[in-house]
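Coordinate inspection notes
Here's the letter readout for the chains.
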Amino acid sequence: MKGFEYLQEQLDEMKQEGTYRELVPLESAQGSKVQIKGKEVIQLSSNNYLGLTSHPKMKEAADQANKEFGVGTGSVRTIAGTLKMHEDFEEKLAKFKHTEASLVFQSGFTTNQGILSSILTEKDVVISDELNHASIIDGIRLTKAARKIYKHVDMESLEQALKESSEYRTRLVVTDGVFSMDGNIAPLPEIVELAEKYGALIMVDDAHASGVLGDNGRGTVNHFNLDGRVHIQVGTLSKAIGVLGGYAASTKTLREYLIHKGRPFLFSTSHPPAVTAANDAAIDVLLDEPELIDKLWENTKFFKKGLKDLGFDTGISETPITPVMIGDDALTHKFSDELFEEGVFAQGIVFPTVQRGKGRIRTIVTAEHSKEELQEALHAFEKVAKKLNVL
Ligand SMILES: *Cc1c(COP(=O)(O)O)cnc(C)c1O
């Protein structure tokens, strides 16, 4: 069929540059080891921080929900697709997050879109960290609000933006809690102080902090003892929580507003029963098995130290997201391909996800990895680095 020649040209260009990537289908369940192309490899690229994608209690909850309530809901939440379990879960989640209320969206991505596109008008301004996640950027594109972008985690730049925006009704400062490509934590105490000084609201996207930071994985706000001082906490149920979904944990007012105005909530079908039941069971797991988070951090320290001892540059990470800096885009992909040959699955991340020339192998260890697996992975990194003259 004709008409897409201009797209094919761009794809061909990407192939020439070495930045074209095939999808990589797993032939097994997610886990510390997975099967890819018939080969068993150590998984270092998932967001399955706690191994919850296959937690027995969550699978059991999903099975039960499937049996009792079927595989789908047949409607959006606002018409006929709200099950009692959806609301029960939102209450439980709010309690867990120490907030008045919460509202679940289909994904973290649609949560950011739904919030940012609905709560701001031309009378308002959104002030956003330059390295915020794509879903925040897209959410901002959908608002009529003015926008200011401040330099990454730069508090002088944030204060400047706050000073320059006194004429607006609402000033909303938005930041990732943990930055997904570098693994650094936002300086929330300073952000909160500045926002309070200038009377601004704060929204934190805790996608990579949910289940990872704070008591029982409550996130960065709890991690910094800032409960009650951050207006909107966005979280995802798709990463450490192991299932699917996103949420806004905030006030009753925001929840009610989003039910009426949050477009993905209004116009896209609600989560299947199995998804909600598994998410619900995940909160119990976080409360009952804090040792999973301890193990995650123990593995994180072990792996980071191993990489540093080998001489790798792991950037500014403070979390289980550990980038191994390579530089050149094509070399980064080559490094990843060689790791696979050595039995390690760790994807290269290059432009446009990160700046050109800042290519990296992005690794995330999980609570499921054994020390032996991590040691084996470190050997593979060493071997490939020597082969490609990277160290
Ligand atoms: C992954 C991610 C999202 C999207 O979450 P999903 O539930 O996968 O849609 C949103 N924000 C940040 C910061 C993320 O890292």
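Residues numbered from 1 in each chain as written. Predicted model: local features only at pLDDT ≥ 70, side-chain atom pairs only at ≥ 80, totals over all residues. Heavy atoms only, no water.

**Examining the UniProt feature "domain: Aminotransferase class I/classII large" (unreviewed entry) in the protein chain**
How we decide: UniProt positions are given in the numbering used here, feature names are shortened, and annotations may be inferred rather than shown by experiment. For helices the rule is a DSSP run of H or I covering at least 4 residues; for strands it is a run of E covering at least 2, with both sets numbered from the N terminus onward.
Under the UniProt annotation, "domain: Aminotransferase class I/classII large" (unreviewed entry) lies at residues 40-381. In the segment residues 40-381, helix accounts for 43% and strand for 17%; the C-alpha atoms at its two ends are 17 Å apart.

**Concerning the nonpolar core**
The condition that has to hold: As used here, the term nonpolar core means buried Ala, Val, Leu, Ile, Met, Phe, Trp, Tyr and Cys residues forming a set that is joined through side-chain atoms within 4.5 Å. Whether a residue is buried, partly exposed or exposed follows from its accessible area with a 1.4 Å probe, protein chains only, as a fraction of its type maximum: under 20%, in between, or over 50%, in that order.
Ranked by internal contacts, the top residues of the largest apolar core, which has 37 residues, are Y49, L50, L52, M58, V212, L213 and L296. Those elements giving two or more residues to this core turn out to be α2 (56-69), α3 (84-97), β9 (246-250), α11 (273-288) and α12 (291-310). If one sorts the elements of this core by residue count, α11 sits on top with eight residues. Core analysis: the next-biggest nonpolar cluster, separate from the first, contains 22 residues, V125, F179, V204 and V230 among them.

**So, a nonpolar patch on the surface**
Put simply, the rule is: Like charges within 9 Å and nonpolar side chains (Val, Leu, Ile, Met, Phe, Trp, Tyr) within 5 Å are joined into patches, using only residues over 30% in relative accessible area that form no salt bridge. Using the Shrake-Rupley algorithm and a 1.4 Å probe, accessible areas are obtained, with residue cover drawn only from the displayed protein chains. One speaks of a salt bridge when a side-chain nitrogen belonging to Lys or Arg is within 4 Å of a carboxyl oxygen belonging to Asp or Glu.
A cluster of nonpolar side chains, F4, Y6 and L7, forms an exposed patch at the surface whose accessible area comes to about 330 Å². Residue placement: Y6 occurs in helix α1 (residues 5-17).

**Considering the environment of F89**
Condition: In what follows, a contact means two residues having at least one pair of non-hydrogen atoms within 4.5 Å.
Its place among the elements puts F89 in helix α3. Spatially, the C-alpha atom of F89 lies 7.2 Å from that of T276, the residues being 187 residues apart in sequence. Apart from residues lying up to four places away in sequence, F89 is in contact with V104, L237, T276, N279, D280 and I283.

**Comments concerning the packing of helix α6 (residues 155-163) against helix α7 (residues 188-197)**
Rules: Only the contacting stretch of a helix is used when fitting its axis, a line to C-alpha atoms as for every element, and angles between N-to-C directions run 0 to 180 degrees. For this classification, under 35 degrees means roughly parallel, over 145 means roughly antiparallel, 65 to 115 means roughly perpendicular, and everything else is oblique. Definitions for this section: a left-handed crossing has its near helix turned counterclockwise from the far helix by less than a right angle. A right-handed crossing has that turn clockwise. Basically, the charged four are Asp, Glu, Lys and Arg, the nonpolar ten are Ala, Val, Leu, Ile, Met, Phe, Trp, Tyr, Cys and Pro, and anything else, Gly included, counts as polar.
Look at α6 against α7: their axes get within 10 Å of each other, and the N-to-C directions meet at 20°. Of the possible angle classes, the one that applies to α6 and α7 is roughly parallel. Both α6 and α7 take part in a crossing whose hand is right-handed. Across from M155, L158, E159 and L162 in α6, the residues of α7 making contact are E190, I191, L194, A195 and K197. Here the contact of α6 with α7 is composed, by residue class, of six nonpolar, no polar and three charged.

**What to know about the packing of α2 against α11**
Where α2 meets α11, the closest approach of the two axes is 8 Å, and the angle between their N-to-C directions is 150°. Viewed along their axes, α2 and α11 adopt a mutual orientation that is roughly antiparallel. Like other packed secondary-structure pairs, α2 and α11 cross with a definite hand, here right-handed. On the side of α2, the interface is formed by K57, M58, A61, A62, A65, N66 and F69, while α11 contributes P273, A274, A277, A278, A281, A282 and V285.

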